[in-house]
Amino acid sequence: MSAETLNRSVKRLSDYQPPDFAIDRTDLTFELDVDKTVVTAVLELRRLDPQVSELCLDGQQLQLLSLHYNDSLMADDQFDCRGHQLRLKVSENNFRLTIKTQINPQANTALEGLYFANGSFCTQCEAEGFRRITYYLDRPDVLSVFSTTIIADAAHFPYLLSNGNKVEERPLSNGQKLVCWQDPFPKPSYLFALVAGDFDLLRGEYLTRSGRLVGLDFFVEKGQSGKAAFALDALKRSMQWDEQRFGLEYDLDRYMVVAVDFFNMGAMENKGLNVFNSKYVLVSQDTATDTDFFNVESIIGHEYFHNWTGNRVTCRDWFQLSLKEGLTVFRDQEFSRDMGSATVNRIHAVQVIRTAQFAEDASPMAHPIRPQQVMEMNNFYTVTVYDKGAEVIRMLHTLLGEAGFQAGMRLYFQRHDGQAVTCDDFVQAMQDANHYDLTAFRLWYQQSGTPELTVQRHYDAPNQRLTLRLSQQTPATADQSDKAALVLPVRYQLLDTTCSPSGLFVMQKSSDTLVFDGVSAQALPVLLEDFSAPVRLKHDYTEQELLRIAKEAANGFARWDALQSCWLLWLQQTMEQASDFVLPDALFELYQQLLSQPLDDKALTAELLKVPDYGVFAESFQQIPVHAILSAIDSFRQQICQRLAPELQSCYQQHSAAAVDYNEANVGLRALKNRCLDYLAVQGQSSESLLQQQYGAANNMTDKLAVLKACLNSSHPAFLSLMQQFANEWQHDVLVLDKWFSLHAANPTIAVFEQISLLCQHPKFSWQNPNRVRAVFHAFAMQNPGQFHRLDGRGYQLLTDTLLKLDPINPQVAARLVTPLLSWQRFDSKRQALMKEALHRLSSQQGISDDLYEKVSKALANE
Ligand code: B3K
Ligand code: ZN
């Protein structure tokens, strides 16, 4: 490890020490001012270990105005306030500290702590943002009862919000007003929130199953409250679902959600006062796609479910993040599954694992779902901690069954309500409630990497016996070389002529056998149904066998999964045979059938009809052949369009009459119709009238955007003029404009560079706003592989220039965007050299943030 890395502090799970002090009460007063906010924190402290003589509080970017110990003002030589700490000698067991600090919310472009943006004050404290508000024990295992008094100009900030119940509201002299909040539930500082601004308010209510009436308040930008109605309903559905499925009820009288346009991520589960990125609250049919509606419902659910899994029971330390995130993602996935197409939901969740999560395992940032060391915690809100974490919970659910899992949840809450605990405590509750030994299972929490499960088949004809030899192996990752065998729940189904047995095989060792007796020579096992373990399955199935599963399997996921394997085979064949490769007739027959007689689940039909995205193909290679993949995708789309144009046309016509509302049936119809449109656009000029017609007639954003995407995917000549029309229609609405920014940034031609520089000068673009920056640069770096990975290095250069500009403004957003540069080892030597050059430019930048430094230094570690 370099000297610089050592200088920056790396924290280790193995160094965990319980806190020396408790903070029984935290009384905060905010005198809000855009550039000089004064925060007075009165902390009632209790020494837990009488041997300890020093108290050390965390603090960053604070100006200390005064410090009182009980009632005495402390002189400068009575404490030590340097770096990111405030230290003072302590001799009593119980004492009070009154800390007055001044902060500058307007200068806070990192959007961590208290910031002022777009006319409102807002906080984001997870993971370690509270220390930018006052000196504190800013760690999740210090739980305190908070009260918050907010004083601000009444005209500019009519709503002054914080956690819990409002206990006082009164006008003050000189146009100011005071509001006081009390939160009865002890909580760690990361769940603190404050919002002050002028909003429109949409109110609702929910009667809990025990008969308590809860007020539901949505605070949104003026004029936008109509667009929060869907989110309000989604919140009611979440509350009801959590009562029915998990027996969990809400615990305060009020649940508030504030939607803001300046936010680093999706949303935040602060106790009683969620803060949301406006894109995950504000939707209407004319401005939001079906995917946007889905995301709103799922994130509203996610943040609500955190009230029990995260807030009532929280994490002991940040290494345990998956305790709340993996579990809450599992819960939100189950909720979404019950609200829409279960199969398509599972497909989408699995795609995240197979693309982004497997890529993270193969990258310099590889880590287990419970990381062992961290420089900047914000870098570990990852697809591994969240989504692989949810898969680990799902495996527990598979092993224990719904009743066993729920028994484990009940015991977990019974034991740990009101505590800050570890992932081990969670697994222990599952184990004890079920008398099921989970010792070996716990390895999932400490081992990183993607296990490979290999299956070999042997059929013994005289005995009609099929033997499957299963072996597992996890390749070394950047963070860990030695790997052991994991517990793998393998769901299977056997396709056979007469019956189709199915079941669960729990693999415990590095190799094992699964035997089926009395089966025919045609028997075909479908393994890992519903992706019952987050592994890469290696098999030797032929195209015919895979297509048989795609046609015959009862399980929709298995059908889709078999087709995914087919596409990987066809990609290999295309790369071997270049332009001569022709997709097999059997695929066209299957597609013909699906187009003329779609399944009841139209959204699943649309998934089955889809050529996988670049990211799916890319993840199947150690070294990614970018352009070969892109041209194979083009060729596949062309072949499908050429062979099936009439069927695509008629399927399009037959499914074009969906009503506008967001519901499972309409979403499915739109998905299927727009899949057809996407292929038809390949025809170029001759599809123009169809595209124009849909664009002009569309009464919803899904159908409009589908036209633009179809044009983009096919480099259709109508693209630019339709984009112009779209910009004229939507320039007043930033969330819609973000879609337009992203489409431009995903343009696969060299014109994208000129276009991006124009976008950055657009009056609605702002380097301070994460949504705008991501709309352009996330789309460019992640959805435009052809231009991003150009051999002249222009793509890498553009991203590097962007990161150098962005890092001083908002390190969290910069550190997210750097991801595609980290995996330089996955490309050819020319690109490797260019990507490393880009990483060196970043690492040699003066004052680079810990966020970016941690990732870049890891990426360059094994150069
Ligand atoms: N807990 C927050 C994420 C906080 C991210 C901090 N960088 C949102 C969520 O997972 O619900
Ligand atoms: Zn979460």
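What you are looking at is a predicted structure, and each value in this text was computed from that prediction instead of being measured.

Attention now moves to empty space enclosed by the protein. Taken as a whole and judged by the stated rule, the model has one cavity of 30 Å³ or more. Considered as a void within the structure, the largest cavity measures approximately 30 Å³ in volume. Lining of the largest cavity is provided by Gln351, Trp560, Gln564, Glu607, Lys610, Pro612 and Val616. In terms of residue class, the lining of the largest cavity is built from three nonpolar, two polar and two charged.

We now examine the site of ligand 1. Near ligand 1 there are 14 residues, and of these Glu126, Glu269, Glu303, Asn378 and Tyr386 occur at the shortest range. Between a nitrogen atom of ligand 1 and a side-chain N or O atom of Glu269, the distance comes to 2.8 Å. Between ligand 1 and His302 there is a distance of 3.1 Å, counted from an oxygen atom to a side-chain nitrogen or oxygen. The set of elements that each furnish at least two residues to the shell around ligand 1 consists of strand S20 (267-268), helix H3 (290-305) and helix H4 (321-339). Here the shell around ligand 1 is built from residues that sort into five nonpolar, four polar and five charged. Here the shell around ligand 1 spans two domains, since at least three of its residues come from each of domain 1 (26-282) and domain 2 (314-445).

This part takes up the UniProt feature "domain: Peptidase M1 alanyl aminopeptidase Ig-like fold" (unreviewed entry) in the protein. The positions UniProt marks with the feature "domain: Peptidase M1 alanyl aminopeptidase Ig-like fold" (unreviewed entry) are residues 449-539. What you have in residues 449-539 is 0% helix and 51% strand, and the ends, taken at the C-alpha atoms, are 19 Å apart.

Turning next to unusual backbone geometry. The residue after Glu126, namely Ala127, is reached through a cis peptide bond having omega 5°. Positionally, Ala127 belongs in the loop between strand S11 (120-124) and strand S12 (144-153). A positive phi is found at Asn118, a non-glycine position, where the angle reads about 55°. Asn118 sits in the exposed class, given a relative accessible area of 53%.

Attention now goes to the packing of helix H15 (residues 664-680) against helix H17 (residues 701-713). For the pair H15 and H17, the least separation of the axes is 9 Å and the interaxial angle reads 25°. Comparing their axes, H17 and H15 come out roughly parallel. Once H15 is placed against H17, the crossing between them reads as right-handed. Residues Arg670, Lys673, Asn674, Leu677 and Asp678 of H15 lie in contact with H17, whose contacting residues are Thr702, Asp703, Ala706, Val707, Lys709, Ala710 and Asn713.

To continue, consider the pattern of salt bridges. For the structure on display, the rule yields 59 salt bridges. Salt-bridge contacts for Asp253 lead to Arg212; the nearest nitrogen and oxygen are separated by 3.5 Å. Remark: Arg212 occurs in the loop between strand S17 (200-207) and strand S18 (213-220) and Asp253 occurs in the loop between helix H2 (229-246) and strand S19 (254-260); sequence separation between them is 41 residues.

To continue, consider the coordination of the zinc ion (ligand 2). On the protein side, the zinc ion (ligand 2) has His302 (NE2), His306 (NE2) and Glu325 (OE) as donor atoms, found 1.9 to 2.1 Å from it. Counting residues between consecutive donors of the zinc ion (ligand 2) along the chain gives the motif H-x3-H-x18-E. Of the two residues, His306 is situated in the loop between H3 and strand S22 (314-315) and Glu325 in helix H4; the sequence distance between them amounts to 19 residues. Accessibility expressed as a relative area gives 1% for Glu325, which makes it buried.

In this section: H15. Under the 1.5 Å per step criterion, the end-to-end length of H15 is 24 Å for 17 residues, consistent within 8% with the ideal 24 Å. Taken across its 17 residues, H15 has twelve buried, putting it largely inside the fold. Buried within H15 are the following residues: Asn666, Gly668, Arg670, Leu672, Lys673, Asn674, Arg675, Cys676, Leu677, Asp678, Tyr679 and Leu680. In this structure, the buried side of H15 is in contact with H3, helix H11 (585-596), helix H12 (602-608), helix H14 (626-654), helix H16 (688-697) and H17.

Each value, and the rule that gives it
- Residues numbered from 1 in each chain as written.
- Chains lettered and ligands numbered in written order.
- Predicted model: local features only at pLDDT ≥ 70, side-chain atom pairs only at ≥ 80, totals over all residues.
- Heavy atoms only, no water.
- 1 Å grid on protein atoms, 1.4 Å probe; cavity = no way out; pocket = protein on both sides within 12 Å on 5 of 7 lines; lining within 4 Å.
- Points joined across faces, edges and corners; volume = space filled by probe spheres on them.
- Nonpolar A, V, L, I, M, F, W, Y, C, P; charged D, E, K, R; others polar.
- Near = heavy atom within 4 Å.
- Polar contact = N/O pair within 3.5 Å; in protein donor to acceptor, adjacent residues only side chain to side chain.
- Helix = DSSP H or I, 4+ residues; strand = E, 2+ residues; numbered from the N terminus.
- Domains from an automatic or database assignment.
- UniProt positions renumbered as here; feature names shortened; annotations may be inferred.
- Buried < 20%, exposed > 50% of the residue type's maximum accessible area, 1.4 Å probe, protein only.
- Axes fitted to C-alpha atoms, helices over the stretch in contact; angles between N-to-C directions.
- Parallel < 35°, antiparallel > 145°, perpendicular 65-115°, else oblique.
- Left-handed = near helix turned anticlockwise from the far one by under 90°.
- Contact = heavy atoms within 4.5 Å.
- Salt bridge = Lys/Arg side-chain N within 4 Å of Asp/Glu carboxyl O.
- Donors = N, O, S within 2.8 Å, 3.2 Å for Na, K, Ca; no water.
- Expected span 1.5 Å × (residues − 1).

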